[in-house]
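Spelled out from the first residue to the last, the chains are:
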Amino acid sequence: MKEEQDYIRNLADIRSMMERSSKFLSLSGWAGIMAGVYALAGAWIAWKVFDFNPAETVYNVESETFPAALGNLVFLALLILILSLSTAVFLSIKRAEKKGENVWNPIAKRLLINLAVPLVAGGLLILILIGKGLIGLIAPCTLLFYGLALYNASKFTYEEVRTLGLIQVALGIISAWFVDYALLFWALGFGVVHIIYGIYMHYRYER
Amino acid sequence: MNISINSLHKAFESRIRLGIMSALAVNDMLDFNSLKEFLDVTDGNLASHIKGLEKEKFIGVKKSFVGKKPNTKYFMTKKGKTAFDDHLKALERLIKSQK
């Protein structure tokens, strides 16, 4: 007759297989930390170098009076996005290799689709906001839709991503109310919260 | 003590079969290669275990084509789901009864 230990190991095996076959567990905490660093640097550049102040631009409905630096700001935001994404992809590949797994599997695909739907919707809305001159609402919208994307995708990865998503959604809503401080909230959400999340995940799962 | 030892189904004695069932319990459908990757086994080994589970009618097969390539997907049948759930319950009971 089998021992209790065997049954426990049996259950543990089942659990681990269910997790491995339904969750993408190659996300690295470092990706969060680096994304936070890029975001803080970007927010600082927007504020100091481009002199971006949402308080002055929010009611700027006339398209002729766009802030001159708007093009630069969009470019900066895209740069942060691309840097963060490529860092996350690169670190995930490295981590999967270390575990002897293939990073591109059906779960990775499902994770990406679930991330992409809210993100693309948010991206299109932001393009419309830019077109209509509602510049002040851009930062709150990025937080809101990014948070929704994380919340939506969290069932296919670590459960902490769900909390991260909810925090970003909350910050997005609050910053839509306090538009004057939108850049500050943006730096808090994409910068500080990412870094805290990354450190937590690194210590919890990668050591 | 041995109330539930019989409810541990023979089909689940193999670690690989249990692995296949666990993976299919949380995925609607999986193809051969995904299963192979999760379980880290050879083609022949996996094929024979899949055949065994198919014979028990615990898993079903859905064949289709992706372009010209045949694509075979596996899913858990109702019977398989019941057996797997019973197996889990039996394991839990056994662990509890030994405490």
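Everything below is about the structure shown above.
By convention here, each chain's residues receive numbers from 1 onward along its written sequence. Chains and ligands are labelled by the order in which they are written, letters from A for the one and numbers from 1 for the other. Totals for whole chains, interfaces and linings use all residues, but because this is a predicted model, local features are given only for residues with pLDDT of at least 70 and pairs of side-chain atoms are given and counted only at 80 or more.

Here we take up the packing of helix α2 (residues 29–48) of chain A against helix α8 (residues 182–205) of chain A. How two helices sit against one another is set out by the angle between their axes and by the gap between those axes. Residues and elements named next belong to chain A. Angular values range over 0 to 180 degrees, each being the angle between N-to-C directions of two axes fitted as lines to C-alpha atoms, with helices fitted over their stretch in contact. Numbering goes from the N terminus for both helices and strands, where a helix is a DSSP run of H or I of at least four residues and a strand is a run of E of at least two. Contact geometry of α2 with α8 gives a least axis separation of 7 Å together with a crossing angle of 160°. The orientation of α2 with respect to α8, classified from their angle, is roughly antiparallel. Regarding α2 and α8, the two cross each other, and that crossing is left-handed. Among the residues making up the contact of α2 with α8, the classes are represented as 20 nonpolar, seven polar and no charged. Convention used here: angles under 35 degrees read as roughly parallel, angles over 145 as roughly antiparallel, angles from 65 to 115 as roughly perpendicular, and any remaining angle as oblique. Crossings are classed by handedness, with left-handed meaning an anticlockwise turn of the near helix from the far one by less than a right angle and right-handed meaning a clockwise turn. Three categories are distinguished: nonpolar for Ala, Val, Leu, Ile, Met, Phe, Trp, Tyr, Cys and Pro, charged for Asp, Glu, Lys and Arg, and polar for the others, with Gly belonging to the last.

Time to look at the sheet that holds strand β3 (residues 69–76) of chain B. Residues and elements named next belong to chain B. One open sheet accounts for three strands, arranged β1-β3-β2; its pairing is antiparallel. Taken across any chain shown, the strands that pair with only one partner, and hence form the sheet edges, are β1 (30–31) and β2 (59–66). Here a strand pair is declared whenever DSSP counts at least two bridges between the two strands. Strand direction decides the pairing type here: β1 and β3, joined by two bridges, are antiparallel. The residue bridging Leu30 from the neighbouring strand is Tyr74, located in β3. Contact criterion: two residues are in contact if their C-beta atoms, reconstructed from the backbone, are within 7 Å. Contacting β1, β2 and β3, helix α1 (residues 15–25) crosses the sheet at an angle of about 90° to β3.

This part takes up the environment of Gly36(A). Residue and element names in this part refer to chain A. Looking at the element boundaries, Gly36 is found in helix α2. Here a residue counts as buried when 20 or more other C-beta atoms fall within 10 Å of its C-beta, as exposed when 12 or fewer do, and as partly exposed in between; the C-beta atoms come from the backbone. Taking the number of C-beta atoms within 10 Å as the measure of exposure, Gly36 has 23 and is therefore buried. Taking C-alpha positions, Gly36 is 9.7 Å from Ile80, a pair spaced 44 residues apart along the chain. Ignoring anything within four residues of it in the chain, the contact list for Gly36 reads Phe190, Gly191, Val192, His194, Ile195 and Gly198.

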